[in-house]
Every structure is written in structure tokens, then in C-alpha cells.
Amino acid sequence: GAFDPFAEANAEDSGAGSKEYVHVRIQQRNGRKSLTTVQGLKKEFSYNKILKDLKKEFCCNGTVVQDPELGQVIQLQGDQRKNVSNFLIQ
């Protein structure tokens, strides 16, 4: 058999949530406004319940967006990176 350099890359499940990383990012909007995105949470978590707790905890608005590549992504208003990372660790 010929050597396949991509064999192990294809073997593991690629896409969001395959590695155990949770990405907490910030996107700049206009002026001082910003948007915090959380992706890579496990599929078995209820995103809507997590979102509800985050919104209540940090007094900000948010939504769950369905992305074709990334799966479900939580978006929150404002720069909530530190708050979200501490919340998820707890």
C-alpha cells in the first residue's frame, strides 16, 4: 500500500469540538462595541441553558448561532472573555 500522509488527519473526527479546546474570542464591532463568541463546547451540553446562565450572571444579552462549519456558537454582548472563562472553569 502507498503511504498516505493524511491518514491520521482523516481518521480522527475533524471539526468543532473534536479537540478538547473551548475558544473564547472577541470580535470588534463599531466604535467601542464588541462581541464575545464561545465555541467548542461539548455537543451534549445544552447551549441554551448555558447561555441563560451567562446572560443572568453578566447582565448582558446573547444568542446561540448555528454555524455550518463550527456548529453551535454562543455570542454575548461586550467583552466577556475573562468572565466566561472563569464561569466555564467553575
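If you check an unreviewed UniProt entry, the chain appears there as Eukaryotic translation initiation factor SUI1 from Chamaecyparis obtusa. The heading Sequence similarities (unreviewed entry) in the UniProt record of the chain holds the text "Belongs to the SUI1 family." The Function (unreviewed entry) field of the UniProt record for the chain holds the comment "Probably involved in translation."

## A word on the environment of Thr36
Assignment of secondary structure puts Thr36 in strand β2 (residues 34-39). A relative accessible area of 0% means that Thr36 is categorised as buried. Sequence spacing of Thr36 and Ile74 is 38 residues, and the spatial spacing of their C-alpha atoms is 8.1 Å. When residues no more than four places from it in sequence are discounted, the contact partners of Thr36 are Val24, Arg25, Ile26, Ile74, Gln75, Leu76, Gly78, Asp79, Gln80 and Arg81. In this structure the side chain of Thr36 is engaged in a polar contact, spanning 2.5 Å, whose partner is the backbone oxygen of Gly78. Separated by 2.9 Å, the side chain of Thr36 and the backbone nitrogen of Gln80 make a polar contact.

## With respect to the nonpolar core
Ranked by size, the top nonpolar core spans 11 residues in total: Val38, Leu41, Tyr47, Ile50, Leu51, Leu54, Phe58, Cys60, Ile74, Leu76 and Val84. Secondary-structure elements contributing two or more residues to this core are α2 (47-58) and β4 (71-77). At five residues, the largest contribution of residues to this core is made by α2. Once residues lying within four places of it in the same chain are set aside, the contact partners of Tyr47 are Leu41, Lys42, Val64, Gln72 and Ile74.

How each quantity is defined
- Residues numbered from 1 in each chain as written.
- Predicted model: local features only at pLDDT ≥ 70, side-chain atom pairs only at ≥ 80, totals over all residues.
- Heavy atoms only, no water.
- UniProt positions renumbered as here; feature names shortened; annotations may be inferred.
- Helix = DSSP H or I, 4+ residues; strand = E, 2+ residues; numbered from the N terminus.
- Buried < 20%, exposed > 50% of the residue type's maximum accessible area, 1.4 Å probe, protein only.
- Contact = heavy atoms within 4.5 Å.
- Polar contact = N/O pair within 3.5 Å; in protein donor to acceptor, adjacent residues only side chain to side chain.
- Core = buried A, V, L, I, M, F, W, Y, C linked by side-chain atoms within 4.5 Å.

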